[in-house]
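The residues making up each chain are set out below.
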Amino acid sequence: MPRGRPRETDHCDAIAAILRDGVAMADIARQLELAYPLVARRVETMRRILAVETGEAAWIDPGLRTNVLVGRAWSERVAPA
């Protein structure tokens with residue numbers, strides 16, 4: 001059973017759309033007028049959700065999956081119903 005409250009995914013689609021083009025998180029925050037820590041948390045959330053959905057823990061490690069790959073994978077995924 002999951003612990004804690006559900007992860008927020010608001011802004012994830014917009015962040016991923018820019019992230020997949022290799023734009024830095026600080027620039028994404030400025031473009032979307034969001035706080036940098038919020039963008040960083042949403043990227044971490046996308047990593048965790050991708051890891052659960054694919055069964056690959058490598059999504060959690062930025063050394064194994066870059067933010068660009070996270071953005072691409074998030075943009076290509078079909079959200080669960």
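For the structure itself, look to the data block above.
What this report covers is the structure whose coordinates are included nearby. Fair warning: this is a prediction, and the values are worked out from it, not measured in the lab.

**Examining the overall build of the protein**
The helix and strand inventory of the protein stands at four helices and zero strands. The secondary structure elements of the protein, listed N-terminal to C-terminal, are α-α-α-α. Computed over the C-alpha atoms, the radius of gyration of the protein is 12 Å, within 12% of the 12 Å expected from 2.2 N^0.38 for a compact globule of 81 residues. With the principal axes as the frame, the protein shows a C-alpha extent of 35 × 25 × 25 Å. For the protein, buried positions account for 32% of its 81 residues.

**Description of the side chain of Arg47**
Tracing the sequence through the fold places Arg47 in helix H3 (residues 36–54). For the buried residue Arg47, which engages in no salt bridge, the nearest side chain bearing the opposite charge is Glu44, 5.0 Å off.

**Notes on helix H2 (residues 25–32)**
Where H2 is concerned, the buried positions are Met25, Ile28 and Ala29. Buried residues along H2 cover an arc of 100° about the axis, so they all sit on one side. In H2, the exposed residues that point more than 90 degrees away from the buried face are Arg30 and Gln31. Of the surrounding secondary structure, the elements contacted by the buried residues of H2 are helix H1 (12–19), H3 and helix H4 (67–76). Of the residues flanking the end of H2, it is Glu33, one or two places downstream, whose phi is positive at about 55°.

**Looking at the packing of H1 against H3**
Between H1 and H3, the least distance of the axes is 10 Å, while the angle of their chain directions is 90°. As the angle between them shows, H1 and H3 are arranged roughly perpendicular. Residue-level inspection shows Cys12, Ile15, Ala16 and Leu19 of H1 in contact with H3, the latter providing Val39, Arg42, Val43 and Met46. Of the residues belonging to the contact of H1 with H3, the class tally is seven nonpolar, no polar and one charged.

Calculation notes
- Residues numbered from 1 in each chain as written.
- Predicted model: local features only at pLDDT ≥ 70, side-chain atom pairs only at ≥ 80, totals over all residues.
- Heavy atoms only, no water.
- Helix = DSSP H or I, 4+ residues; strand = E, 2+ residues; numbered from the N terminus.
- Rg over C-alpha atoms; globule rule 2.2 N^0.38 Å.
- Buried < 20%, exposed > 50% of the residue type's maximum accessible area, 1.4 Å probe, protein only.
- Lys, Arg positive; Asp, Glu negative; His and termini not counted.
- Salt bridge = Lys/Arg side-chain N within 4 Å of Asp/Glu carboxyl O.
- Arc of directions from axis to C-beta.
- Contact = heavy atoms within 4.5 Å.
- Axes fitted to C-alpha atoms, helices over the stretch in contact; angles between N-to-C directions.
- Parallel < 35°, antiparallel > 145°, perpendicular 65-115°, else oblique.
- Nonpolar A, V, L, I, M, F, W, Y, C, P; charged D, E, K, R; others polar.

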